[in-house]
Number of protein chains: 2
Amino acid sequence: MKKYVYAFHEGNKEMKSLLGGKGANLAEMTKIGLPVPPGFTITTEACNKYYEDGKKIAETVVNQIFEHLYILEEKIHKKFGDTKNPLLVSVRSGAVISMPGMMDTILNLGLNDQSVMGLALVTRNERFAYDSYRRFIQMFSDVVLSIPKYKFDHILEKEKETNKIELDTDLTVNNLKSIIKAYKNLVKKETRKDFPQEPKEQLLMAVRAVFDSWNNSRAIVYRQLNDIPSHLGTAVNVQSMVFGNMGETSGTGVAFTRNPATGEKKLFGEFLMNAQGEDVVAGIRTPKPIAQLKNTMAKVYEQFVNVANLLENHYKDMQDIEFTIEKGNLYLLQTRTGKRTASAAINIAVDMVKEGIIDKETAIMRVEPTQLDQLLHPTFEEAAIKVAEKITQGLPASPGAATGRIYFSANDVVKAASEGEKAILVRLETSPEDIEGMVAAQGILTARGGMTSHAAVVARGMGKCCVAGCGEIKVDEINKVFKIDNKIFKEGDYISLDGNTGSVYAGSIPTKEPELTGNFGKLMNWADEIRTLKIRANADTPKDAYTAVKFGAEGIGLCRTEHMFFDEERIPVVRQMIIAKSLEERMTALDKLLPFQKKDFIGIFEAMGERPVTVRLLDPPLHEFLPHNDEDIKTLSEQIGVEYKVLKDTVEELKEFNPMLGHRGCRLAITYPEIYKMQVKAIIMAAIEVKKEKNIDIKPEIMVPLIGHEKELKILKELITNTANEIINESEIKIEYKIGTMIEVPRAALTADAIARHAEFFSFGTNDLTQMTYAFSRDDAGKFIGEYRKKEIFEKDPFQRLDQIGVGKLMEIAVDLGKKSRPDIKLGICGEHGGDPESINFCHKIGLNYVSCSPYRVPIARLAAARCAIQNK
Amino acid sequence: MKKYVYAFHEGNKEMKSLLGGKGANLAEMTKIGLPVPPGFTITTEACNKYYEDGKKIAETVVNQIFEHLYILEEKIHKKFGDTKNPLLVSVRSGAVISMPGMMDTILNLGLNDQSVMGLALVTRNERFAYDSYRRFIQMFSDVVLSIPKYKFDHILEKEKETNKIELDTDLTVNNLKSIIKAYKNLVKKETRKDFPQEPKEQLLMAVRAVFDSWNNSRAIVYRQLNDIPSHLGTAVNVQSMVFGNMGETSGTGVAFTRNPATGEKKLFGEFLMNAQGEDVVAGIRTPKPIAQLKNTMAKVYEQFVNVANLLENHYKDMQDIEFTIEKGNLYLLQTRTGKRTASAAINIAVDMVKEGIIDKETAIMRVEPTQLDQLLHPTFEEAAIKVAEKITQGLPASPGAATGRIYFSANDVVKAASEGEKAILVRLETSPEDIEGMVAAQGILTARGGMTSHAAVVARGMGKCCVAGCGEIKVDEINKVFKIDNKIFKEGDYISLDGNTGSVYAGSIPTKEPELTGNFGKLMNWADEIRTLKIRANADTPKDAYTAVKFGAEGIGLCRTEHMFFDEERIPVVRQMIIAKSLEERMTALDKLLPFQKKDFIGIFEAMGERPVTVRLLDPPLHEFLPHNDEDIKTLSEQIGVEYKVLKDTVEELKEFNPMLGHRGCRLAITYPEIYKMQVKAIIMAAIEVKKEKNIDIKPEIMVPLIGHEKELKILKELITNTANEIINESEIKIEYKIGTMIEVPRAALTADAIARHAEFFSFGTNDLTQMTYAFSRDDAGKFIGEYRKKEIFEKDPFQRLDQIGVGKLMEIAVDLGKKSRPDIKLGICGEHGGDPESINFCHKIGLNYVSCSPYRVPIARLAAARCAIQNK
C-alpha cells in the first residue's frame, strides 16, 4: 500500500517534492534534533490523488491520517477532543515551492464545546481557552466553510459595543462565551449545519480545504507569475500546537539568518510577545526587531542564535525561520530558504564563497537571473534626491526606486497600468487579493506592517520597490486620498518611493542608470568564466551600443536599420524613395539616404570597437513609412511636391490584408534590389572609414531578413557581395564581412541545409518564427490569449518564453540541417526570447553560439548562460 | 573524353535525355532501317556545358562537331561549301520534351556565294539554288543575327514592285541575285560584318543560336506552363538536307497515325507538293489532307502508310511524323509521340488495350490527368445550339466549347481576362508570341492555317477550344473588327466556338455539364481498380455534393460551414450572434441559426448517402460576416435594432491587423464555445433525422480548424463529445461520429503526436499551411510573386503545386508523429493541392488515405491516384 502520510521523524529535507518544502524542513529539523512540535505530513501525492478522484479524499488516505493521529496522541499524551488534556493541531499547506500568503492555515484545530474546557484546565487559563476557541471558529469558518470574516467581526464589535469594551484583550470569559454562541448560530444560519464538533471531522474538512486552496484563483495567479507547474500539488502539515499567546513568557517571531534586503551577515527579524504566529505575518501589530529579544529573554535569544547558525550551516544558505516561545521554551515551526532581493542574493552568494561555505558555481546557481532585473533598472539621481521634498519615512521593505501616480486599489492600479500609466499602489496593508495590483504597480507603499509583512515579502519576491509600515500616513481608501499631517495626496498625484532607504517623496524624481560594480561585478566575472554561450545585444543606436558594452555585451546581434529611417530629417526622403515611379527616381532618393545610413553605422561601429555587429537590412513593409490619414498625406504631398491623388493612390496600393505576411523583408530586395544595395554600401563605407580613421578592424555581419527559399538568399548574397567588393576594391582597405540570414520563416528552418549553403550565419528571429509557427500575430492575439491563459492552454505567453515544443523543434531542425551543410556556421538568436533565462537554456542545449537581447538584459543573459553551462555539464 | 556529339546511327530512342526527343527518334528510325537523311546530334550536355561555361561552346565540343561533319561528308559524298556537290544541312533544336514552335530552325545551312553555284549544278536548277540561298540568308539573319524579318520582306517586295512581279515564284534568277545582294548589304549595315561565308562558321553560329533559344522568353513561358524543368537543356540536330521544293514530284507533309482530336484509328495529316517543311507548319499555304496523297503519288503514299504502321507498332503509341518527298523518294525527318486532345488520349489508350498493343496500366499512364480538365468543363447545350446563329465554319482544331468577347491581340486578351472577362482570341494566324494570350483566352479562332498549324497544335496541348483556318472571316487587326460577308464583329462582341465541329456562332450560348461515359468511364473504372488513395470532394452544398458523387467522389473531405452563414435569410441572425454583448444574447441568435444549419446538413447527408462527410466547424474571423462601410452598418443597425454607434464600435473592435493570423478557427470556439456547440448539435441532429427517415447510416466526421496546440483540441473534443452524446442519448438512435482536426498551422504538424491523441483524423489544409510555412498570404503575395517567378525563385506557384521541400516536410513530420501515437489515424488533404496530380503523387507517397478536391477535379484525382499507384509499385 502506498504511503500517503509521514510522521516528521520519518522524512528529511530531500523529500521536498513529496512532503512539500515546509514538511521536508520540519522533518529535517526533527531529524537533527531541534525542538519541533511533533506532527505529520500528508503528501503531495495525496493532493494529486484527491483531484484525480474528483475531489474526494480516498479511504486509504483517511485511514493513514487517523493512524498517524493516533501515534501523535500517544507520543505527546494528549487526545483529540479530550476534556482534560486535548490535542490541538495546526493545519498548514506546504507546497513544493513556497507560496507565501497563497495557501490557507488553520490554528487550534481540535477545539470544540468539550475540549475548550480541557484547554482551560490544562493551561489554567479559561479566558485563553475561550479566546482560542473563538478564533478557531472564525478561522475555520472563513477558510473551510467560506463564511466571510467580516460577519464574525461584526458579532465581535457588537459584543464590545454592548459591553462598552474598547480592546479585544478586555473581553471577559462570559463575553467570549456569548460571542462563541453567536458565532455558532451564524455558522448554522449560513451552512444550515452545526459547527462541526467532531475533531476528526474538523481535520478532514481542513485537509480538504488545503487541497482546494491549491486551485484557488490567487494560487493560480501566483503560480503563473512564478512559473510553478500546476501538477505539483500541495502537502498538508498537521502539527501539534504550541502557544505564543500564553502570557508574557510566550511569544512568536520570524527571523532571517542574514539581511534579506542587503545580504548583510546579521540576524534580521522581528518578534511579538504574547501573540500567535499569524499576528506577525499579517502585519496588524507592529513587532520589535529580533535583537531586542536579547533584552526580553536572553537565554532564549542565545538558543535561537545558535539554532539560526546551525540551520544556515546545515542548509548552506540563508534561512527564514519561524519560531514560537511557549512559557519560555523555544519551538521551531518552520525553516526555509529565505527570499531575498537581488542585491542581497548577490552579496550573500559572494560572501558565502569568501566564507568557504559554497563554491563559485553554487554562488552562480544561487542568484536567479530574472531577479537581476531589479538592479538593472534606473535608481533616483542623487542630485534630484537632495532637492526632493521628502514627505515621510517608512521601512525599506524592498529596494529600488519608483515614481508614479497614486492609486488606492489593486483594480485601479491594473487599469491605470493598462493605459500606460506608471502607478504606485498605496494601501493600509496589502493582502493576497492585491497580488495583481502589485504586479502592475511601479512600487508599493503601505501604512502598516513590518519588514516581513505581506507587502514586504511579496514585493521583494517580485523585485518591486516597496516602502512598508509608513505609520505617518493616514490612508482613506474610500475617498481615495491619504494625509500626512495636514497635507493631502489625492488619487492621481505623483509620489516617489525609495525602497533602499524607505523615504517617500512628493512628485516625480528623475532616475539614473545602474552600475555593475562590487559583488555584482565579481559575480558577473565568475559567470563569464563559466559560460560558453556568447552574449550580444540588440541595439540600433550608438547610445544603445554603449549601454550594451557597459553591461558586458560581446557584440550586436541585431541592429535594425528601419528605425534609422524614421528620423525627422530622413523620413521625407524615405517616402520619396517609396513612391518613386521609376528606378531613377528611387535611386535619387536612395543616394540622399546613403550618407545618413553611413553616419549611423559609423557611430555604432565606433561604440562597439572590434566586437562583431550584425546589421539587418530593411525589414518592414514599405507602407509602414507612409502617412495613412488624409491630412498627413496632404502635408506630405506638399512637402515632396507630389500630387495628392497620386500619393493617396500609392498609399492605398501599398496597403496589405496581412502585412505580417506581405511584401517585406528580403521580398523588398527581390523587387527593389537598389534598397539593399544602398544599405550595404553604407555599411561597408562606414567600416572602411572607421578602420581608416580610428584603426579599428570592423567586421560587419550583414543579415538578410525573412528568407523562406534558398534562391532568395542566393540572389541577394550575390547582390551584397558584388556591392561590397566593389567598394572594398576601390578603397584598397580590406574589410572582412559575413553574410547571413534570419531564420524566422518556418520554411527557412525546414530547408536550412539549402539555405546554409549561402549563409555564414543564422540568427533565429523567434518573434516572427513564433507568430508563423503558431499562426497568430502578436497584434491580434490579444483578443483570445487571455482566455488561453485562463484555460491553461498556454502555461506562459509564447512571445515571452520560447515554445520549446513547437518553435523549438523548428530551431532544432534548422540547427541540424544548417550544420550538416556548413559545419562551422555561426548560430544565434535575436528574438526577445534571447533575454529569457529558460529560453537561453534551450539555446545553449541546442548548440547556439550566442544569444542577443536588449542591453538591459545582458547581465541577466550572462548569468543565465553561466547557469546553463553548469546545469548541462 | 566525354562524347558530346552522336551520329544518328550511334543512338536509339532510349537516349532522349541526352539527344533530345527529336534526336533520339531520328537515331531510332535510322536504327530500324527507315529512310532518314543522315546527320548527327549535339547533346543536351553540350548545351548545359555552354551555359556553365558562360555561353561559350567549348573547344572539345567544336572538335567533335567538325569530326562528325567530316564523317557525314564522307558518307554522302558531299562537301561543305563545295562548288560542285555542296553539303547542305538543317540545324534544329531538340529538347527532351517536345516544345512545338518554341525553338528555332535553320534550313539550307552551308550555302554561300560559291556553294550556291554547286547547288545549281547538282540540281540542274539555278533558280531553285538562288531561291534557297535567299531563303537561307533571310532565315539565318532572323534567327542567328536577330535582324527583323520584315526588313528582308521589304527588299523582296521592292524587287517585285520594281519588276512588276506578282508571285514569288515568278522571280527570275537575276531578280533573286539582286535580292541576295541587297540582303547581304542589309546584313553588313545591321551587323557591321559581312554575311558569314564560311559554312563551318555558319554552323557554329547556328548551334549557338539554338542553345540561346533555350532561354528565350517564349521558351521560358512554355516551360513554366508545361512544368518542364529549366535544367534539361536542348540538343541540336544537324541533318543533311532533302528538298521538298524540287518540283512536282517533291513535297512535304505531317501526319498522325491516328486522329489527334478524336483518337479515331485512321491516318490524319496534310501535305503540300513542291514545298519546304516549314510551309506546312506555318500555315501560310493551306495544305491537302493526307489521304489525297494516294491520288498524287500512290506508291509513296503506300510506302508512307507502311512506315506509319511500323512506327506506331514500334513505339506502341500514336505517332506524329514529318516527311519530305524529294523527287519521288520518301524521307522521314521526324517522328514523335503525337500530341492529342484528352478525348483522343482516352480513346487511343482504351482502343490500344482492345487491340492488344498495351495493357491497362499503360493505358492509364498514357492519359495526363490534368488533360482531363478539357472533358470536365461544360459543353454547349444542344437545344441552345439548334437555335444559335451559326456565322461560319472552320476546322475543328481543338475540342471543347467557348463563349466570350472578341479580342484581336494577345495583350488585349490578357488584359480582359485579368479583369475577369471571358475572351476569345481572334487572329489571322497565331505565332509563338501569342502564347500568353492563348493561355488567358477561353478559345481561339484563326482565319488561316490547318489542323497542324501553330494555333491548332498549341491549343490542343493546352486543352483549349480552337477553330482554325476559318477562311470566310476577314480579320482587320488594326481596326479590331472582323467581317463575314458584310456582317461586322467588333472588339467586345460575343461569339461562341465549338471546337468539336468547327462551328462559330454569334452571341453567347449556354453550356451543359460533361458526362463520364464510354471510354472515359471505362478508363476511370480501370483507374479505380488500381488506385489505393481514396478520392473525396470539397463540397459545401447538396448541389456540389451531387456533382461530386456523379464524378466518383467517395466522400466529402471538406464541407465548409461558413458559406452557409452568408445566406440572405441568415446573415442578419449571424450578425446578431456576433455583436451579442452577453452569452444569453448570443445563445438566442444561435438558437435561431440551428434549424438552418441542420437543414444544410440534412441536404448534404442525403446527397452523399453512407459516404463519409467531413464537416469543418466555423473557421473565418467573425468580422468577415459584418458590413464594413458606414452605409451598410447603418442598414444593419436598423435591421437588427442596435444603435449605429454601438454597431460601428463593434465592427471597429473586431478589425484585425493580420486577420489571417487572428481570432479565427478553433480560437473562436475557445472564446465562444457556444458557436461550435450549435454546429455540432446541427450535425448530429441532421444525422439522426436522415437515419431515422431515410434509413441511411450517416457517419459524420467533425473537423476542428486551425489547431496549433494539443490542449485546444483536448478542450474542444470534450465540448463536441459532450454535446453530441447528449443528443444521441436523448434520441436513442446510434450515430457513430469521428472527431479530427485540420493540420494547417506549422505547430500542429510539429506536435502532431500530442494532437493525434485527441484526433481520429488529420486533414492537411495545405492552403493555410503554405501561407504560414512561407509566411506570405495569398492575398498579398501578388505584389512580388511575379518577380519571384521571373527570377525563377519559384518554379511553380506554391499555392497551385504543393511545395514538397518545405510544406511537404512538415506534412511528413505530421504523418510520422501522428501515426506514432495513433497508428490507425485517418489522413487526408483538403487544400487545393488535393486536385493537382503531382501533389497527389506526393500525398500517395507519404501515406495519406485520401485526397479531397473540387468536384470537377475528382476524375483527374482518380486518374492521378491510379498513376501514382502504378509508378510507386
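Everything below is about the structure printed above this text.
Small disclaimer: the values here were computed from a predicted structure and weren't measured.

A. Structural detail: the sheet that holds strand 19 (residues 465-468) of chain A. All names here are of chain A. Taken together, the eight strands give an open sheet; going across it, the order is 14-24-23-16-17-18-19-15, and neighbouring strands pair in mixed fashion. At either margin of the open sheet sits one strand with a lone partner, and together these are strand 14 (390-393) and strand 15 (395-398). Within this sheet the neighbouring strands show an average axis-to-axis angle of 30°, counted without direction. Sheet strands touched by helix 16 (residues 410-418): strand 16 (401-407) and strand 17 (423-427). Its angle to strand 17, the strand with the most contacts, is close to 180°.

B. Inspection of helix 27 (residues 710-731) of chain A at higher detail. With 22 residues, helix 27 of chain A ought to run about 32 Å at 1.5 Å a step, and its terminal C-alpha atoms sit 31 Å apart, in line with that. All buried positions along helix 27 of chain A are accounted for by Glu712, Leu713, Leu716, Leu719, Ile720, Thr723, Ala724, Ile727 and Ile728 of chain A. Projected down its long axis, helix 27 of chain A carries its buried residues within an arc of 150°, all on one side. Those residues of helix 27 of chain A that are exposed and angled more than 90 degrees off the buried face are Glu718, Glu726, Asn729 and Glu730 of chain A. If you follow the buried residues of helix 27 of chain A, they end up packed against helix 25 (666-671), helix 26 (673-694), strand 29 (700-704), strand 30 (738-743) and helix 29 (752-756) of chain A together with helix 31 (778-790) of chain B.

C. Expanded view of the packing of helix 2 (residues 44-52) of chain B against helix 8 (residues 199-213) of chain B. Residue and element names in this part refer to chain B. In contact at an axis separation of 10 Å, helix 2 and helix 8 are set at 80° when each is read in the N-to-C sense. Between helix 2 and helix 8, the angle is such that the two are roughly perpendicular. Contacts between helix 2 and helix 8 involve Ala46, Cys47, Tyr50 and Tyr51 from the first element and Arg208, Phe211 and Asp212 from the second. By residue class, the composition of the contact of helix 2 with helix 8 is five nonpolar, no polar and two charged.

D. Fine view of the pattern of salt bridges. Residues and elements named next belong to chain A. With the rule as written, the count across this model stands at 115 salt bridges over all chains. We note a salt bridge from Asp619 to Arg664, for which the minimum N-O separation is 3.3 Å. On the criterion of sequence distance, the pair formed by Asp619 in the loop between strand 28 (613-616) and helix 23 (630-640) and Arg664 in the loop between helix 24 (644-654) and helix 25 is long-range, its members being 45 residues apart. Of the residues examined, Asp619 reaches a relative accessible area of 7% and is grouped as buried.

E. Up close: unusual backbone geometry. Residues and elements named next belong to chain A. A positive phi is found at Asp485, a non-glycine position, where the angle reads about 55°. Mapped onto the elements, Asp485 comes out in the loop between strand 21 (481-484) and strand 22 (487-490). A positive phi is found at Glu732, a non-glycine position, where the angle reads about 65°. Position of Glu732 among the secondary structure elements: in the loop between helix 27 and strand 30.

F. Representation of the sheet that holds strand 23 (residues 494-498) of chain B. Residues and elements named next belong to chain B. Here we have eight strands laid out as an open sheet, ordered 14-24-23-16-17-18-19-15, and mixed in their pairing. Because the sheet does not close on itself, it has two edges, and the strands there are strand 14 (390-393) and strand 15 (395-398). In this sheet, neighbouring strand axes are inclined to one another by 30° on average, regardless of whether the strands run parallel or antiparallel. Pairing of strand 14 with strand 24 (residues 503-506) involves three bridges; the strand directions are antiparallel. Counterpart to Gln393 in the pairing with strand 24 is Ser503.

G. Representation of the interface of chain B and chain A. The interface is formed by 51 residues belonging to chain B together with 51 residues belonging to chain A. Contact between chain B and chain A buries roughly 4,400 Å² in total, counting both sides, with carbon and sulfur atoms accounting for 60%. Across the contact surface, chain B and chain A share two salt bridges. Arg747 of chain B is the salt-bridge partner of Asp803 of chain A, the closest N and O atoms lying 2.6 Å from each other. Counting the contacts that link chain B with chain A gives 28 residue pairs in polar contact (both at pLDDT 80 or more). Contributing elements (two or more residues each) for the side of chain B that touches chain A: helix 24 (644-654), helix 25 (666-671), helix 27 (710-731), helix 28 (746-750), helix 30 (766-774), helix 31 and helix 32 (807-821) of chain B. Among the elements that line the side of chain B that touches chain A, the one with the most residues is helix 31 of chain B, at six residues. By residue class, the composition of the side of chain B that touches chain A is 24 nonpolar, eleven polar and 16 charged.

Basis of the calculations
- Residues numbered from 1 in each chain as written.
- Chains lettered and ligands numbered in written order.
- Predicted model: local features only at pLDDT ≥ 70, side-chain atom pairs only at ≥ 80, totals over all residues.
- Heavy atoms only, no water.
- Pairing = 2+ DSSP bridges.
- Helix = DSSP H or I, 4+ residues; strand = E, 2+ residues; numbered from the N terminus.
- Axes fitted to C-alpha atoms, helices over the stretch in contact; angles between N-to-C directions.
- Contact = heavy atoms within 4.5 Å.
- Expected span 1.5 Å × (residues − 1).
- Buried < 20%, exposed > 50% of the residue type's maximum accessible area, 1.4 Å probe, protein only.
- Arc of directions from axis to C-beta.
- Parallel < 35°, antiparallel > 145°, perpendicular 65-115°, else oblique.
- Nonpolar A, V, L, I, M, F, W, Y, C, P; charged D, E, K, R; others polar.
- Salt bridge = Lys/Arg side-chain N within 4 Å of Asp/Glu carboxyl O.
- Buried area = accessible area lost by both parts, 1.4 Å probe.
- Polar contact = N/O pair within 3.5 Å; in protein donor to acceptor, adjacent residues only side chain to side chain.

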